[in-house]
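# Fold and geometry: a report
So you can see what is in the structure, the chains are spelled out below.
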Amino acid sequence: MRLQWDGLHNARDLGGLPLQAGGRTPPGVYVRSDHPLHLTPEGWGQLADYGIHTIASLETAGLDGEAALRSNRPIELPHDLAVEVLRLPVEDATDQEFMGKWARTGLWGTPLYFADALQRWPRLYGDAINALALADGPVLFHCGRGHDRTGIVALLLLTFGGVRPEAIAEDYLLSSRNLEAQDPRSVQMLENALRDHGITAYAAIAAAIDVVDAEWLDRAGVRPEAIAALRARFSPNAIPSR
């Protein structure tokens, strides 16, 4: 469900997605978006009215100076908005092999890198999932465009919440469509990258989901209570947080 918060292009509630066990995810639990620094005063008011209690910034670790400021731009909250801000690193820029394979080839803006990232940095993602699962909701999580870091974390949340894999892929694809107003090339660039590698977005998302097995959960340190919390929050019988 797209949210028309003034200043943002890619904000949406993860409610309404079909669950494998039947029913749909409830609204008012998790919102994903591009960076809140783009919100206008009206947009901040819309966020406050939605009842957001926690904002989680998904960051890239291993950066210093100007690079850190560009990739991990801090949130400046309105003085009258009482929300908790979490800063959660989910990538490691010191991993030069990864950077060379994905970031410097322009493929970091696609789901092609998701499976590799999950295999390389399970603990970063595990820590993020634990924090998001147990945070006071409704929770807004974001990166810069709300596309890549946000996309892979949304994939994990929705997978643990029992959402159908094809719906997870559809949610991912919404981002490039939403960003067309900001970057008219967003959809075409994604389609070209996937076509050049002979894979569909659905297959790339499925490959990432396949990584998340019992062994991965153990390596990532995902806590049982976090999984239980996500299943409860995404249950169609759950009472919305807001």
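Above this text sits the structure in question.
Described in the following lines is the structure provided in the data block. (Residues numbered from 1 in each chain as written. Predicted model: local features only at pLDDT ≥ 70, side-chain atom pairs only at ≥ 80, totals over all residues. Heavy atoms only, no water.)

## Thoughts on the environment of Arg 87
Mapped onto the fold, Arg 87 is located in strand 4 (residues 84-92). In this structure, the C-alpha to C-alpha distance between Arg 87 and Ala 131, residues 44 residues apart in sequence, is 9.9 Å. Engagement of the side chain of Arg 87 in a polar contact is seen with the side chain of Glu 59, the distance being 2.7 Å. (Helix = DSSP H or I, 4+ residues; strand = E, 2+ residues; numbered from the N terminus. Polar contact = N/O pair within 3.5 Å; in protein donor to acceptor, adjacent residues only side chain to side chain.)

## Focus on the nonpolar core
Among the nonpolar cores identified, the biggest contains 61 residues, and Tyr 30, Tyr 125, Phe 141, Val 153 and Trp 216 are the most heavily contacted of them. Looking at this core, the element that brings in the most residues is helix 6 (residues 149-160), giving eight residues. Setting aside chain neighbours within four positions, we find Phe 141 in contact with Leu 14, Tyr 30, Val 31, Arg 32, Ser 33, Ala 56, Leu 58, Leu 132, Thr 150, Val 153, Ala 154 and Leu 157. (Core = buried A, V, L, I, M, F, W, Y, C linked by side-chain atoms within 4.5 Å. Buried < 20%, exposed > 50% of the residue type's maximum accessible area, 1.4 Å probe, protein only. Contact = heavy atoms within 4.5 Å.)

## A few points about the sheet that holds strand 1 (residues 12-13)
Pairing within the open sheet is mixed, and its five strands lie in the order 1-2-5-3-4. Across the chains shown, the open sheet's two edge strands, defined by having one partner strand only, are strand 1 and strand 4. Where strand 3 (residues 54-61) lies against strand 4, eight bridges are found, and the strand directions are parallel. Residue pairing in the sheet places Ala 61 in a bridge with Asp 92 of strand 4. (Pairing = 2+ DSSP bridges.)

## Let's talk about helix 11 (residues 224-233)
Listed as buried for helix 11 are Ala 226, Ile 227, Ala 229, Leu 230 and Arg 233. In a view along the axis of helix 11, the buried residues occupy a sector of 160°, so they form one face of it. Turned more than 90 degrees away from the buried face of helix 11, the exposed residues are Pro 224 and Arg 231. (Arc of directions from axis to C-beta.)

## Notes on the side chain of Arg 32
Position of Arg 32 relative to the elements: it lies in strand 2 (residues 30-33). Residue classification places Arg 32 among the buried residues on the basis of a relative accessible area of 0%. A distance of 2.8 Å separates the side chain of Arg 32 from the backbone oxygen of Gly 146, its partner in a polar contact. At 3.1 Å, the side chain of Arg 32 forms a polar contact with the side chain of Ser 175.

## Let's talk about the packing of aromatic side chains
In this structure the tally under the stated criterion is seven aromatic pairs. Measuring from centroid to centroid gives 5.5 Å for Trp 5 and Tyr 50, while their planes differ by 70°, and the two rings are edge-to-face. Of this pair, Trp 5 sits in the segment before strand 1 while Tyr 50 sits in helix 1 (residues 41-50), and the two are 45 residues apart along the sequence. Tyr 50 carries the same exposure label as Trp 5, and that label is buried. On the numbers, 5.9 Å between centres and 80° between planes, the contact of Phe 98 with Tyr 113 is edge-to-face. Of this pair, Phe 98 sits in helix 3 (residues 96-101) while Tyr 113 sits in the loop between helix 3 and helix 4 (114-120); the two residues are 15 residues apart in sequence, bridging distant segments of the chain. Note on Phe 98: relative accessible area 0%, which makes it buried. The structure contains a cluster of three or more aromatic residues connected by ring pairs, namely Phe 98, Tyr 113, Phe 114, Trp 121 and Tyr 172. (Phe/Tyr/Trp six-rings, centres within 6.5 Å; stacked < 30°, edge-to-face > 60°.)

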